[in-house]
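Spelled out from the first residue to the last, the chains are:
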Amino acid sequence: MAKGNTADLDDLVDRGLRAVEDDELDTAESILDDLKGSAGENQPRVLHLAGMLAWAQGDLERATGFLMQAADGAPDRADVQLDCAECLFAGEEIEEAEAQTRAALALPGITKAQTDDGRLLLAQIRLSGDDPDEALEILGQIDAALHDHPAFLSTRGSAHMAAGKLGNAIEDLRAALKHEPDDGDLHYQLALVLGAAEDPAGAVEAMLRVRELDAAEDGESEPPTYADSQELRSRLEDVFEQLPDPLLRLVANAPITVQPRATEEQVRAGVDPRNVVAFCGTRKVGEEEAELTGIVIMRDLLPAAGDSDDDDDEGGDAVETEMFYGLMDELQSFFQRDDVVMAES
């Protein structure tokens with residue numbers, strides 16, 4: 001490819017992006033290497049492909065760096081701006097993602113399809129900012145022909161749930177599942193809405209489907225060894241030390257066990273199959289007090305050993321961070337303790 005030939009450059013980058021989308025990462029990397037040699041690694045569209053490839057490879061930090069450089073170098077390209085915004089959103093850079101999305105939507109050359117994609121992203125961003133009403137308003141501006149798309153239905157379902165419109169949320173999520181019946185995230189969303197709508201039987205059935213799909217995706221795993229169980233128990237006990245005394249007293253004497261993931265029986269009893277920590281016993285309902293008989297660590301839901309090297313702000317690792325948030329969720333739901341929110345913050 002002759003350096004400076006924009007048409008050839010765009011064609012190669014588009015091929016690389018399609019390869020990333022199709023999970024053909026070796027092909028995308030080969031195209032990227034060719035582009036670096038012919039157009040230079042700092043060319044904006046080359047940076048665009050580098051960012052999307054890094055993101056697909058799981059390196060969100062590098063992806064964000066590449067895509068921000070690409071967006072700076074190609075301010076008039078809505079596709080680059082929107083991919084950068086989505087990457088920022090994935091990295092929980094909410095304000096930056098919103099600013100980037102709004103800037104893309106204001107571009108004079110943005111296509112109708114890109115406008116709809118941008119509005120869907122903006123609705124998701126506003127929803128994450130606890131503004132479901134604005135999210136619903138933005139979703140209403142998307143072309144009606146796309147209102148049957150699973151991503152649209154899922155986002156609108158979440159917005160309806162956050163706005164307290166549980167019937168609408170259930171309708172949206174069931175419609176999305178007609179298109180994507182094996183999407184565990186959609187079943188999980190539906191389970192949460194059904195639970196909020198006081199349909200415990202429906203919520204349990206949805207959670208059982210979540211467990212089935214997640215287990216099938218992860219594959220078979222061996223039971224934890226004694227050494228692994230001892231290590232994870234010790235880590236959870238370290239997490240206990242972060243709790244204020246009133247909460248610590250609720251869990252301090254409960255026996256701790258370790259298993260790969262929640263069983264069907266546990267899910268039927270109310271355990272969330274995606275929580276890394278589960279409480280066993282009788283949950284608090286109305287005036288009836290909770291009785292905690294045991295705590296289970298779901299080993300297969302914790303980060304792998306190679307993923308736990310990044311220290312958080314408190315000096316702990318990813319495993320203990322996941323345990324902490326899982327413990328907070330269970331304390332709040334099992335004992336109906338609103339003060340857990342304060343402890344978590």
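Every value quoted in this text rests on a predicted model; they were computed, and no experiment measured them. (Residues numbered from 1 in each chain as written. Predicted model: local features only at pLDDT ≥ 70, side-chain atom pairs only at ≥ 80, totals over all residues. Heavy atoms only, no water.)

Caption draft 1: Summary view of helix α5 (residues 78-90). Taking 1.5 Å per residue, 13 residues should reach 18 Å; α5 reaches 18 Å between its end C-alpha atoms and fits that length. Most of α5 sits out of view: 10 of its 13 residues are buried. Considered for burial, the residues of α5 that qualify are A78, D79, V80, Q81, L82, D83, C84, A85, C87 and L88. In this structure, the buried side of α5 is in contact with α3 (44-56), α4 (60-73), α6 (94-105) and α7 (112-128). (Helix = DSSP H or I, 4+ residues; strand = E, 2+ residues; numbered from the N terminus. Expected span 1.5 Å × (residues − 1). Buried < 20%, exposed > 50% of the residue type's maximum accessible area, 1.4 Å probe, protein only. Contact = heavy atoms within 4.5 Å.)

Caption draft 2: Just the environment of P246, in detail. Relative to the helices and strands, P246 resides in helix α14 (residues 245-251). Take P246: its relative accessible area is 41%, and that puts it in the partly exposed class. In this structure the C-alpha to C-alpha distance between P246 and A70, which are 176 residues apart in sequence, comes to 51 Å.

Caption draft 3: Spotlight on the pattern of salt bridges. The tally for this structure, following the rule as stated, stands at 25 salt bridges. The salt bridge involving D143 is made with K112; its shortest N-O contact spans 2.2 Å. One end of the pair, D143, is in the loop between α8 (132-139) and α9 (150-162); the other, K112, is in helix α7, with 31 residues separating them in the sequence. Looking at D143, the relative accessible area reads 27%, which means it is partly exposed. (Salt bridge = Lys/Arg side-chain N within 4 Å of Asp/Glu carboxyl O.)

Caption draft 4: Structural context of the packing of aromatic side chains. Per the stated rule, a full pass over the model turns up 4 aromatic pairs. A centroid spacing of 5.5 Å and a plane angle of 75° characterise the contact between F279 and F334, whose relative ring orientation is edge-to-face. Taken together, the positions of F279 in strand β2 (residues 277-282) and F334 in helix α16 (residues 318-335) put the pair 55 residues apart, joining distant regions of the chain. Residues F279 and F334 agree in their burial class; the two are buried. What links up through ring pairs into an aromatic cluster is the set F279, F334 and F335. One residue, R274, lies across the ring of Y188, its end atom 5.2 Å from the ring centre. (Phe/Tyr/Trp six-rings, centres within 6.5 Å; stacked < 30°, edge-to-face > 60°. Lys NZ or Arg CZ within 6 Å of the ring centre and 35° of its normal.)

Caption draft 5: Here's a closer look at the side chain of R235. The residue R235 is located in helix α13 (residues 226-240) in this model. Given the relative accessible area of 18%, R235 is considered buried. With sequence-adjacent residues up to four places away left out, R235 is seen in contact with D317, V319, E320 and M323.

Caption draft 6: The arrangement of the pairing of strand β3 (residues 291-298) in detail. Among the 8 residues that make up β3, 6 are buried, leaving the element largely enclosed by the rest of the structure. The pairing of strand β1 (residues 256-259) with β3 spans 4 bridges and is parallel. Of the residues in β3, the one forming a bridge with I256 is I295. Relative to β3, β2 runs antiparallel, the two sharing 6 bridges. Among the inter-strand pairings, F279 is bridged to a residue of β3, identified as I295. (Pairing = 2+ DSSP bridges.)

Caption draft 7: Representation of the nonpolar core. Counting 31 residues, the largest nonpolar core has L9, V13, L32, L35, V46, L49 and L53 as the members making the most contacts within it. Of all the elements in the fold, those that place two or more residues in this core are α1 (6-21), α2 (25-39), α3, α4, α5 and α7. Ranked by residue count, the leading element in this core is α3, at 7 residues. Ranked by size, the runner-up nonpolar core spans 25 residues in total, among them L232, F279, I297 and M323. (Core = buried A, V, L, I, M, F, W, Y, C linked by side-chain atoms within 4.5 Å.)

Caption draft 8: Quick peek at α13. Over its 15 residues, α13 runs 21 Å from end to end, which matches the ideal 21 Å to within 8%, given 1.5 Å per residue. Within the span of α13, buried status applies to S229, L232, R233, R235, L236, V239 and F240. Angular distribution of buried residues about the axis of α13 spans 160°; they occupy a single face of the element. Along α13, exposed side chains directed more than 90 degrees from the buried face belong to Y226 and A227. Looking at the packing, one finds that the buried side of α13 touches α14, β1, β2, β3 and α16. (Arc of directions from axis to C-beta.)

So far we have only geometry, and geometry alone does not tell us how the molecule works.
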